[in-house]
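Each chain is listed here by its residues.
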Amino acid sequence: MHEPSAQYKKRLLRIKVNGRWREDAVADGCMLVDYLRDTAGLTGVKTGCDGGECGACTVLLDGLPVLACVTLAVRCEGRSVETIEGLAAQGRPSRLQQAFHEKLGAQCGYCTPGMVMASEALLRRNPTPTDDEIRAALAGNLCRCTGYVKIIESVKAVAGLAP
Amino acid sequence: MYAFTHHAATSVADAVKSVGEGKFLAGGHTLIPTMKQRLAQPGHLVDLNKVAELKGISDNGSVLTIKAMSRHAEVEASDVVRRAVPGLAALAGGIGDPQVRHRGTIGGSVANNDPVADYPAACLALGATIVTDRRRIAADDFFQGLFTTALEDGELITAIEFPHADKFSYAKFRNPASRYALVGVAVARRGAQVRVAVTGAGSDGVFRWTDAESKLASNFSASALDGLTIPASGLNGDIHGSAEYRAHLIGVMAKRAVAAA
């Protein structure tokens, strides 16, 4: 078996995070989730299964939902990443976040940032999704409190409303 | 994650030259979790993300060519695919979940040859050609068992060519959690020739169901498969379904695929 190289090689990563460009030294083997949490301080991004199964680490990469736990940070050079922290404006939650709050879409809350980001991607592409379209868009996000009905109601509550 | 180095290849030639004992990185949704579990520990990854030669979908009227780094979501949404082989766009739209479809690639899926993946069944049923940096390989020769293909070390898939069919359809009974195929059956008809490929079930990976092919060649309808069974020996059994259950599902999914074709 090939021996891993002895040292972490770092390189300068230029990346747009929640609308602002930053430059950071990042190891080649660093995952996007660890970069966002540990370097950028955006702990709204959650590590769940750490293996691409649960969707808790979902962020938007150039507007599309991706799993930050299986995406290398260096692959995001020159690209735009959005996390849950980017949705609030002037400290006020977005309509979608407010809906998750009001409709009890969050129970323990651990899956919530991933659920919200996957929903956000859906609503930007399709502002008036049906229940089935919401379910399909959230198929990659697991909630172990099994609060799926309330989550779908939360997304429905903002469907068709201006952001 | 352990330490490894990453090289963003700029061309197919650069990728093949620089891979050495490392691995090619396509969508990363299989390789990266595998590395996290230390089931593979390459010291070097060659990233194919920026290789323009590996992107794009085209059709010449008889053969649909999908370059290796095409994402599942791109195949699903492609008007070219929808016109040429509509069942293939539908198959891509049924892979995994949105996060997976936005990153996963056809080349990565075919190279990995996961026994429960969807694309290998389509390649085998449609008689696809797997194009690499050095040669062209017929799907019949390409898939050689669990996670095993005809690819040599350092050989890179550049495109998959799908000849058009009169009819093509893929029916999948998916695991509700992983959305992988518990059993998936792809059916393609070209004139009197019919090919049926089964994924998710074979203990040696994707395979052709030749008994069903000959029944369908003379009568391309779901009822032609009435009474036809496949033995459970040689099929996978696990906590999700016994080999006998999978054998039954193969018949059911084959009929659904024919009915939808």
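Residues numbered from 1 in each chain as written. Chains lettered and ligands numbered in written order. Predicted model: local features only at pLDDT ≥ 70, side-chain atom pairs only at ≥ 80, totals over all residues. Heavy atoms only, no water.

Colleague: I keep staring at the overall build of chain B and nothing clicks. Help me out?
Modeller: Looking only at helices and strands, one finds eleven helices and 14 strands in chain B. Rg of the C-alpha trace for chain B: 18 Å, near the compact-globule value of 18 Å for 261 residues, within the 12% margin. In terms of overall dimensions, chain B has a C-alpha envelope of 55 × 45 × 30 Å along the principal axes. Evaluated residue by residue, chain B yields a buried proportion of 57% over its 261 residues. For chain B, contacts bridging at least 24 residues in sequence account for 58% of all contacts bridging at least 6. When the 27 positive and 25 negative side-chain charges of chain B are each reduced to one mean point, those points stand 5 Å apart. (Helix = DSSP H or I, 4+ residues; strand = E, 2+ residues; numbered from the N terminus. Rg over C-alpha atoms; globule rule 2.2 N^0.38 Å. Buried < 20%, exposed > 50% of the residue type's maximum accessible area, 1.4 Å probe, protein only. Contact = heavy atoms within 4.5 Å. Lys, Arg positive; Asp, Glu negative; His and termini not counted. Charge placed at Lys NZ, Arg CZ, Asp CG, Glu CD.)

Colleague: Just checking my understanding: could you explain the domain arrangement of chain A for this structure?
Modeller: By a widespread convention, an interface's size corresponds to the accessible area lost as its parts come together. All names here are of chain A. As assigned here, chain A comprises domain 1 (4-86) and domain 2 (87-158). Computed over C-alpha atoms, the centres of domain 1 and domain 2 are 21 Å apart. Between domain 1 and domain 2, the residue contacts involve 17 residues of the former and 15 residues of the latter. Our count for the contact surface shared by domain 1 and domain 2 stands at one salt bridge. Ionic pairing is found between Glu-82 and Arg-124, a salt bridge with its closest N-O pair at 2.7 Å. Linking domain 1 to domain 2 there are seven residue pairs in polar contact (both at pLDDT 80 or more). Of the residues belonging to the side of domain 1 that touches domain 2, the class tally is five nonpolar, eight polar and four charged. (Domains from an automatic or database assignment. Salt bridge = Lys/Arg side-chain N within 4 Å of Asp/Glu carboxyl O. Polar contact = N/O pair within 3.5 Å; in protein donor to acceptor, adjacent residues only side chain to side chain. Nonpolar A, V, L, I, M, F, W, Y, C, P; charged D, E, K, R; others polar.)

Colleague: Help me out: how do you make sense of the environment of Asp166(B) in this one?
Modeller: Residue and element names in this part refer to chain B. Position of Asp-166 relative to the elements: it lies in the loop between strand 10 (157-163) and strand 11 (167-174). A C-alpha to C-alpha distance of 7.0 Å links Asp-166 and Gly-191, two positions 25 residues apart in sequence. Other than its neighbours up to four places away in sequence, Asp-166 contacts Arg-189, Arg-190 and Gly-191. Here the side chain of Asp-166 touches Gly-191 through a polar contact of 2.6 Å, landing on its backbone nitrogen.

Colleague: Looking at this structure, how should I read the sheet that holds strand 7 (residues 136-138) of chain B?
Modeller: Residue and element names in this part refer to chain B. Read across the open sheet, the five strands follow the order 4-5-10-6-7; overall the sheet is antiparallel. Each edge of the open sheet is held by one strand with a lone partner, namely strand 4 (57-59) and strand 7. Strand-to-strand twist in this sheet, taken as the mean axis angle between neighbours without regard to direction, amounts to 20°. When strand 6 (residues 129-132) meets strand 7, the two strands line up antiparallel, connected through three bridges. Note on strand 7: the bridge partner recorded for Ile-130 is Ile-137. (Pairing = 2+ DSSP bridges. Axes fitted to C-alpha atoms, helices over the stretch in contact; angles between N-to-C directions.)

Colleague: Hey, could you run me through the packing of aromatic side chains in this one?
Modeller: Pairs of aromatic rings are described using the distance from one ring centre to the other and the angle between the two planes. Residues and elements named next belong to chain B. Tallied over the full model, the rule gives three aromatic pairs over all chains. Where Tyr-2 meets Phe-4, the ring centres are 5.8 Å apart and the plane angle is 65°; that geometry is what we call edge-to-face. In terms of burial, Tyr-2 and Phe-4 fall into one category: buried. Ring centres of Phe-142 and Phe-143 lie 5.0 Å apart, and the angle between their planes is 85°; this geometry places the pair in the edge-to-face category. We classify Phe-142 as buried; its relative accessible area is 0%. We classify Phe-143 as buried; its relative accessible area is 11%. In this arrangement the basic side chain of Arg-189 is found over the ring face of Phe-220, its NZ or CZ atom lying 5.3 Å from the centre. (Phe/Tyr/Trp six-rings, centres within 6.5 Å; stacked < 30°, edge-to-face > 60°. Lys NZ or Arg CZ within 6 Å of the ring centre and 35° of its normal.)

Colleague: What am I meant to see in the nonpolar core here?
Modeller: Across soluble globular proteins, nonpolar side chains have a tendency to be buried as a group. Ranked by internal contacts, the top residues of the largest apolar core, which has 52 residues, are Leu88(B), Val110(B), Tyr119(B), Ile160(B), Phe162(B) and Phe168(B). Ranked by residue count, the leading element in this core is helix 8 (residues 119-126) of chain B, at seven residues. Formed jointly, this core draws a minimum of three residues from each of two domains, domain 1 (1-46) and domain 2 (167-260) of chain B. Counting 34 residues, the second-largest nonpolar core is a separate cluster that includes Ala27(A), Val59(A), Val70(A) and Cys76(A). (Core = buried A, V, L, I, M, F, W, Y, C linked by side-chain atoms within 4.5 Å.)

Colleague: Mind showing me how you'd approach the domain arrangement of chain B here?
Modeller: The domain boundaries assigned to chain B delineate domain 1 (1-46) and domain 2 (167-260). Between domain 1 of chain B and domain 2 of chain B, the C-alpha centre-to-centre distance is 34 Å.

Colleague: How do you make sense of unusual backbone geometry when you look at a structure like this?
Modeller: Note: most residues except glycine have negative phi, and most peptide bonds are trans. One non-glycine residue, Asp62(A), adopts positive backbone phi at about 50°. Structurally, Asp62(A) can be placed in the loop between strand 3 (58-61) and strand 4 (64-67). In the Ramachandran plot, Phe147(B) falls in the positive-phi region, its phi being about 50° despite a non-glycine side chain. As for its position among the elements, Phe147(B) is in the loop between strand 8 (143-145) and strand 9 (148-149). Residue Phe147(B) is classed as partly exposed on the basis of its relative accessible area of 47%.

Colleague: I would appreciate a short explanation of the pattern of salt bridges in the present structure.
Modeller: Oppositely charged side chains can form a pair if their charged atoms are brought close together. Per the stated rule, a full pass over the model turns up 21 salt bridges over all chains. Glu153(A) is the partner of Lys150(A) in a salt bridge, and the nearest nitrogen-oxygen pair spans 3.6 Å. With Lys150(A) and Glu153(A) both in helix 5 (residues 148-158), this residue pair falls three residues apart, about one helical turn. With its nearest N and O atoms 2.9 Å apart, the salt bridge here joins Glu213(B) to Arg208(B). According to the relative accessible area criterion, Glu213(B) is buried, its value standing at 7%. Relative accessible area serves as the criterion here: at 28%, Arg208(B) is assigned to the partly exposed category.

Colleague: In this structure, what is going on with the sheet that holds strand 13 (residues 193-199) of chain B? I would like to understand it.
Modeller: Sheets are built from strands that pair by backbone hydrogen bonding, the pairs being arranged parallel or antiparallel. Residues and elements named next belong to chain B. Pairing within the open sheet is antiparallel, and its four strands lie in the order 11-12-13-14. The open sheet is flanked by strand 11 and strand 14 (207-208), the only strands paired with a single partner. Docked against the sheet, helix 10 (residues 210-218) engages strand 12 (181-190), strand 13 and strand 14, running at close to 150° with respect to strand 13. Against the sheet, helix 11 (residues 243-260) makes contact with strand 11, strand 12, strand 13 and strand 14, and its axis sits at roughly 40° relative to strand 12, the strand it touches most.

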